[in-house]
Amino acid sequence: MTTHGTDLPVAPVPPAARERLAKVADALIPAGAGLPSAAQAGVHAELLDQVARARPDLIPPLLEALEALGADLDLASVERLAADAPRLHEAITLVVAGAYLMSPRVTASLKYSIQKAKIVDPREITTIVAEGLLDQVIERGPRYRLPPDAPSEHGS
Amino acid sequence: MRDDCDVLIVGAGPSGAVAAQEFARAGMRVICLEQGDWPDYSRARAGHADFELVSRKHWNWNPNERRAAGDYRVDDTESDISALMYNGVGGSTVMYAAQWERFLPSDFRVRTLDGVGDDWPISYWDLEPYYDEVERQFAVSGLGGNPALPPMTPPPLPPVPLNKVGRRGAEALNKLGWHWWPGTNAIATADYGPLHACTQLTACPFGCPTGSKGSADRTHWQALSKGQVRLVVRATVDQVLLDDRGRASGVTYLDENGARHAIHAGVVVLCANALGTPRILLNSADGAGIANSSGMVGRRLMMHPFGNAIGIFDEDLESWRGPLGQYLHSLEFYETDRSRGFVRGAKWNLIPSGAPLSMMLTGTWGDESVWGSSFTRLLRERLGHSVIWGVICEDLPDPDNRVTLDGELGEQDVPGVRIRYRTSDNTRAMMAWHLDRVSEVLDAMGAKQKILNPIMQGIGWHLIGTTVMGENPDGTVVDPYGECHDVPNLFVFDSSVFPTSSGVNPAATIAANALRCARALVARRRDVAVAS
Ligand SMILES: Cc1cc2nc3c(=O)[nH]c(=O)nc-3n(C[C@H](O)[C@H](O)[C@H](O)COP(=O)(O)OP(=O)(O)OC[C@H]3O[C@@H](n4cnc5c(N)ncnc54)[C@H](O)[C@@H]3O)c2cc1C
C-alpha cells in the first residue's frame, strides 16, 4: 500500500476501535454551522483509512488513546487526556481533525477546493501600477538610512 | 591545488550551491558532502486531501520531530527559540518561504549608526553586484523601484499577484500612509530555467509540488550534480583534518552505514549553517576544536525572534490560496528611532493563512478551545477569511547566545548540538511596539478579530552568527572573505559569518555573500596555502 507520510506499514484498525472513535469524534466535532459531525463525515470509516495511508505512524497512538479514554467517550475525557497523556491527545485530535478536513462533503460545504491550482497571473502588477495603488508610496521617497561611508552617488 | 579535489564543500544548501557553481565554472574539481538526501517530492502533497497530514511529518521544520536522514540532535531545552532547518540537498531552501530580501545599507553599519552590535567589514554596495547575480540564479520575482531600498536592478521576474489578501493589506497601509511594496520572492511567476510558474498552493514551506520555488536543489544541484560537481549524499562530515602545519587537508565523514571515510582537498569550505558549521569546527581535532583561538566559535547565535498578528474577516478572501511567499512587505518602521524605546527594527510581511488544519490545531489562533460545538463555527470563520502578518525582529549579537556540542564523540556517530538563546529586552520592546502597529493595520484592513502572538518559540528558521567575520583575529573567527584566521585554507561561506542579523530574511544575503567569497577564492586560488 502506498503511503506518503512515513515508511511504516499501515496497521489495521479493528471495528470496535472504529466504533469508539466515532463516538469520540462526534464529541470533538459535533454537527454545526451547516457542517456535518465528524462521524457523519465518516471520520471513523473511509476517511480513517485515508489517514492511515497518509500517516501510518498515527495509528498506534490513536489506538492507545482510544484505550486510555476508558468508558467515557466524551469531551471531558479527551480534555483529561490532554493533561495526562499529551502525546495521545495530540494523536487522536490530529486524526479526527485531519480526517474531517479530508472529507469532500466538508470541503465542498466550506467552498474549499483543497488548494486547487491557479497559475499566477504576472500581469496583475500592471493593473496595480496603472490603478495608482503604489503612487503615494513612491511619492514619499526613500525610506532607508545612508551610512556615512555610502558611495557619493547615493547622496553622502 | 591538489588531492581528491581542489575544493571540498560541506553542505548542499544555498551557500554551498552558489559556491559549488562558481568553483565549477572556474574549472576547479569540486566535491560536496551533504549529510541528508535529495528531497522526496512525491511527499509534496499540496493539492491533495492528505496535504497537511503528510506535511506535519515529512516537511516538519523541526529536525527533532522530522528525524529524517541527515537530521541531527538539537537540544533546545535552554533556548527561548527552537532551531528549524532542512538537512538535505538544497538545504533549508527546500522548506523556505522564499521571501527574498536584501539587507539594507544600515544593516552593515549598526555600530556606526546606532552604537550597538558591530559593523560588517563589507558594505551594502560591496554585495550589490552579487545580489543582482544570485537573484537571477534563484528565479527571484518582484518589482523594481522600492523606495525602502537603494535603486537597484529589478528582479528577473514580475511579482506574485496581490490577490484579495494583499490588496486589502496594501490599501490599509496606504490609508495609514505607511510603506509597502509588492513582495519579492524566490518564486517563479513564469516558466524560468528548470522552474515552472507558481500555482498558488500555499505550499512553499511544505515542499513545492509544482517546481516553482527557487530552492537550491532545483536551481543549482539538479544540473551541477549531473556533471561538474561530485555531490555525495548521506555523508556526514565529523571533522576537518589538519596537517602538522595547521592547514586543512580534507575531512572525515560517516556514510549512511556509519563507515568513516577521508577525503583530501586543497581547500575546505563549510556551508553547513550556523549550527552545523560550529558543530564541525568544535568537533574537529577529536573534539578539541579548531579555528577557535578567538574563543568565538559557536558564540553570537542570532535567530530572528518572530511574532505574528492574525486577522479574521467577515468577507471571503480566498486566503487558502496564494504563494507563501509574501504578498507584500513593509519596512515603514525598519530604521532606528530611539523614541520608541529600542534600537533597530523589524520587517513586516503579509501572507495568506493557508490550509485549515494549521488554523485549528496550533496554539497561535487564540485561547478559545476549538473542540466541541466551537469547531465548525471557528473553522468557517477562519478558513479563507484570515490573513497573517509576520514580524521579523533584528536580534543583536550576544556572546552568551551560543551553540555547543551535545554528547560524546562516538565511533559511529557525530555529536549533536545544544543551543542556548535568550531573547533580549531590546527585542521584547521591539516586538511589542511593532505588534501594536501591525494591530493598527489589521484595524485599517477591517478585521473583525485580531490575535497577536509576540515572540513565538517554534520559529528559529534564520540561523545566524557563530563564526563571526572581521579583520581582527582576536575577536573574530574568519576574515572578510570567509577564511579562518587560524587555518588559512579553511573557509566558512554560510550565515555563521554574519556580524549582525538585520531584520529581514537572510537567504538573499547568504547567497550573495557566498558568491562574493567564492569568486574571491577563485581569483587567488593559486596563492592559497594548501596542506603538505
Ligand atoms: C521553514 C523555513 C522557512 C524559511 N523561510 C525563509 C524565507 O522565506 N526567506 C529567507 O531568506 N530564508 C528563509 N529561511 C532560512 C533559509 O532557508 C536559510 O537561511 C538558508 O537556507 C541557509 O543557507 P545555508 O546554505 O547557510 O544553510 P542550509 O540551507 O541550512 O544548508 C546547510 C546544509 O548543510 C548540510 N550539513 C550540515 N552539517 C553537515 C555535515 N556535518 N556534513 C554534511 N552536511 C552537512 C545540511 O544537511 C544542509 O543541507 C527559512 C528556513 C526554514 C527552515
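Fair warning: this is a prediction, and the values are worked out from it, not measured in the lab.

**Student:** Would you explain the overall build of chain A in this entry?
**Tutor:** Secondary structure summary: chain A contains nine helices and zero strands in total. In chain A, the succession of helices and strands from N to C terminus is α-α-α-α-α-α-α-α-α. Expected size for 156 residues packed as a compact globule is a radius of gyration near 15 Å; at 25 Å, chain A overshoots this value by more than 25%. In terms of principal-axis extent, the alpha carbons of chain A reach across some 75 × 35 × 35 Å. The proportion of buried residues among the 156 residues of chain A is 48%. In chain A, the proportion of contacts linking residues at least 24 apart, taken out of those at least 6 apart, comes to 65%. About 7,600 Å² of surface is accessible on chain A, with carbon and sulfur atoms providing 56% of the total. Between the mean site of the 15 positive side-chain charges and the mean site of the 20 negative ones, chain A shows a separation of 4 Å.

**Student:** I tried to follow the side chain of T252 of chain B on my own but got confused; where do I start?
**Tutor:** Residues and elements named next belong to chain B. Considering the arrangement of structural elements, one finds T252 in strand β7 (residues 248-254). A polar contact is formed between the side chain of T252 and the side chain of D238, at a distance of 2.6 Å. Apart from residues no more than four positions distant in its own chain, T252 is found in contact with T236, V237, D238, Q239, L241, R260, H261 and A262.

**Student:** When you look at the packing of aromatic side chains in this model, what are you seeing that I'm missing?
**Tutor:** Centre distance and the angle of the planes are the two values used to describe a pair of aromatic rings. All names here are of chain B. Taken as a whole, this structure holds 26 aromatic pairs over all chains when the rule is applied. Aromatic pair F103 and F498: ring centres 5.7 Å apart, planes at 80°, arrangement edge-to-face. Pair noted here: F103 is in the loop between β3 (74-79) and α4 (110-114) and F498 is in the loop between β16 (490-492) and α12 (507-523), with a separation of 395 residues, a long-range link. Each member of the pair F103 and F498 is classed as buried. An aromatic cluster of at least three residues, connected via ring pairs, comprises F103, F108, W120, Y124, W125, Y131 and F498. The aromatic ring of Y41 is capped on one face by R218, whose charged end is 3.7 Å from the ring centroid.

**Student:** I'm lost on the interface of chain B and chain A in this one. Help?
**Tutor:** For interface size, the figure often reported is the accessible area lost on association. Facing 69 residues of chain B, the contacting portion of chain A comprises 63 residues. Carbon and sulfur atoms make up 66% of the area that chain B and chain A hide from each other, which totals about 5,900 Å². Looking at the side of chain B facing chain A, the largest losses of area belong to L53, W371 and R380 of chain B, adding up to 13% of the total buried there. At the junction of chain B and chain A, the tally comes to six salt bridges. Sorting the residues of the side of chain B that touches chain A by element identifies α2 (51-58), α4, α6 (163-176), β4 (181-182), α9 (356-361) and α10 (374-382) of chain B as the ones contributing at least two each. Sort the elements by how many residues they give to the side of chain B that touches chain A and α2 of chain B lands first, with six residues. In terms of residue class, the side of chain B that touches chain A is made up of 35 nonpolar, 19 polar and 15 charged.

**Student:** How should the nonpolar core be read in this particular structure?
**Tutor:** If you look at soluble globular proteins, the nonpolar side chains tend to sit buried side by side. Among the nonpolar cores identified, the biggest contains 162 residues, and Y100 of chain A together with F23, W221 and F493 of chain B are the most heavily contacted of them. It is α12 of chain B that provides the largest number of residues to this core, a total of eleven residues. Ignoring anything within four residues of it in the chain, the contact list for W221 of chain B reads A12, G13, G16, A17, A20, C32, W38, V89, G90, A216, V229 and L231 of chain B. Core analysis: the second largest hydrophobic core is formed by 37 residues, L173, W180, W348 and V387 of chain B among them.

**Student:** What is the right way to read the pattern of salt bridges from this model?
**Tutor:** Close approach of charged atoms lets side chains of opposite charge pair. For the structure on display, the rule yields 42 salt bridges over all chains. One salt bridge connects D114 of chain B with R344 of chain B, and the closest N-O pair in it is separated by 2.7 Å. Of this pair, D114 of chain B sits in helix α4 while R344 of chain B sits in the loop between β10 (328-330) and β11 (346-352); the two residues are 230 residues apart in sequence, bridging distant segments of the chain. Accessibility expressed as a relative area gives 4% for D114 of chain B, which makes it buried. Here R344 of chain B falls in the buried class, since its relative accessible area comes to 1%. The closest approach of N and O atoms between R519 of chain B and E133 of chain B, which form a salt bridge, is 2.6 Å. With R519 of chain B in helix α12 and E133 of chain B in helix α5 (residues 124-137), this pair connects stretches of sequence that are 386 residues apart. Using a relative accessible area of 27% as the deciding quantity, one classes R519 of chain B as partly exposed. Through salt bridges with shared partners, one network takes in R145 of chain A together with D107, D114, E335, R344 and E394 of chain B.

**Student:** Please explain the sheet that holds β3 of chain B as it appears in this structure.
**Tutor:** The strands making up a sheet associate through hydrogen bonds between their backbones, and the pairing can be parallel or antiparallel. All names here are of chain B. The sheet built from three strands is open, its strands ordered β3-β14-β13 with mixed pairing. Every other strand in the sheet has two partners, leaving β3 and β13 (402-406) as the edge strands with one partner each. Pairwise comparison of adjacent strand axes, ignoring direction, gives a mean angle of 25° for this sheet. As defined by bridge partners, β13 adjoins strand β14 (residues 416-421) across five bridges and the pair is classed as antiparallel. Each bridged residue has a counterpart across the sheet, and for D406 the counterpart in β14 is G416.

**Student:** So what exactly am I meant to see when it comes to the sheet that holds β4 of chain B here?
**Tutor:** All names here are of chain B. Pairing is antiparallel across the open sheet formed by six strands, whose spatial order is β4-β10-β11-β12-β9-β15. Every other strand in the sheet has two partners, leaving β4 and β15 (449-453) as the edge strands with one partner each. Bridging between β4 and β10 involves two bridges; their strand directions are antiparallel. Pairing of P182 across the sheet is with L328, part of β10. Strands β9 (306-312), β11, β12 (386-393) and β15 of the sheet are contacted by helix α11 (residues 425-445), whose axis makes an angle of about 155° with β12.

Thresholds, definitions, all that
- Numbering of residues starts from 1 in each chain and follows the order in which that chain's sequence is written.
- Both sets of labels track the order of writing: A upward for chains, 1 upward for ligands.
- Side-chain atom pairs in this predicted model are given and counted only at pLDDT of 80 or more, local residue features only at pLDDT of at least 70, and totals for whole chains, interfaces and linings cover all residues.
- In computing side-chain values, all of the structure's heavy atoms are included and hydrogens and water are not.
- Numbering goes from the N terminus for both helices and strands, where a helix is a DSSP run of H or I of at least four residues and a strand is a run of E of at least two.
- Restricting the calculation to C-alpha atoms gives the radius of gyration, and the globule rule supplies 2.2 Å times the number of residues raised to the power 0.38.
- Burial here depends on accessible area, computed with a 1.4 Å probe over protein chains only, as a share of the maximum for the residue type. Under 20% is buried, over 50% is exposed, and the range in between is partly exposed.
- Contacts were defined at the residue level, with two residues in contact if any of their heavy atoms lie within 4.5 Å.
- Shrake-Rupley sampling with a 1.4 Å probe provides the accessible areas, and residues are treated as covered by the protein chains on show and by no other component.
- The charged-residue count follows a simple rule in which Lys and Arg add positive charge and Asp and Glu add negative charge, with His and chain termini not counted at all.
- Lys charges are placed at NZ, Arg charges at CZ, Asp charges at CG and Glu charges at CD.
- Polar contacts, as used here, are pairs of N or O atoms within 3.5 Å; protein pairs need one atom able to donate a hydrogen and one able to accept it. Residues neighboring in sequence count only if both atoms are side-chain atoms.
- Ring pairs shown here join Phe, Tyr and Trp side chains whose ring centres sit within 6.5 Å, with only the six-membered ring taken for Trp; geometry is labelled stacked below 30 degrees between planes, edge-to-face above 60, and tilted in between.
- For a ring to carry a charge above it, either NZ of a lysine or CZ of an arginine must fall within 6 Å of the ring centroid while also lying within 35 degrees of the normal to the ring plane.
- Two parts placed together each lose some accessible area under a 1.4 Å probe, and adding up what both lose gives the buried area.
- In the sections that follow, a salt bridge refers to a side-chain nitrogen of Lys or Arg positioned within 4 Å of a carboxyl oxygen of Asp or Glu.
- Under this grouping Gly is polar, as are all residues other than the nonpolar Ala, Val, Leu, Ile, Met, Phe, Trp, Tyr, Cys and Pro and the charged Asp, Glu, Lys and Arg.
- Buried residues of nine kinds, namely Ala, Val, Leu, Ile, Met, Phe, Trp, Tyr and Cys, make up a nonpolar core once their side-chain atoms join them within 4.5 Å.
- DSSP calls a pair of strands paired once it identifies at least 2 bridges connecting them.
- Helix axes are fitted to C-alpha atoms over the stretch in contact, other axes to C-alpha atoms as well, and angles between N-to-C directions run from 0 to 180 degrees.

Honestly, it's all geometry; don't read function into it.
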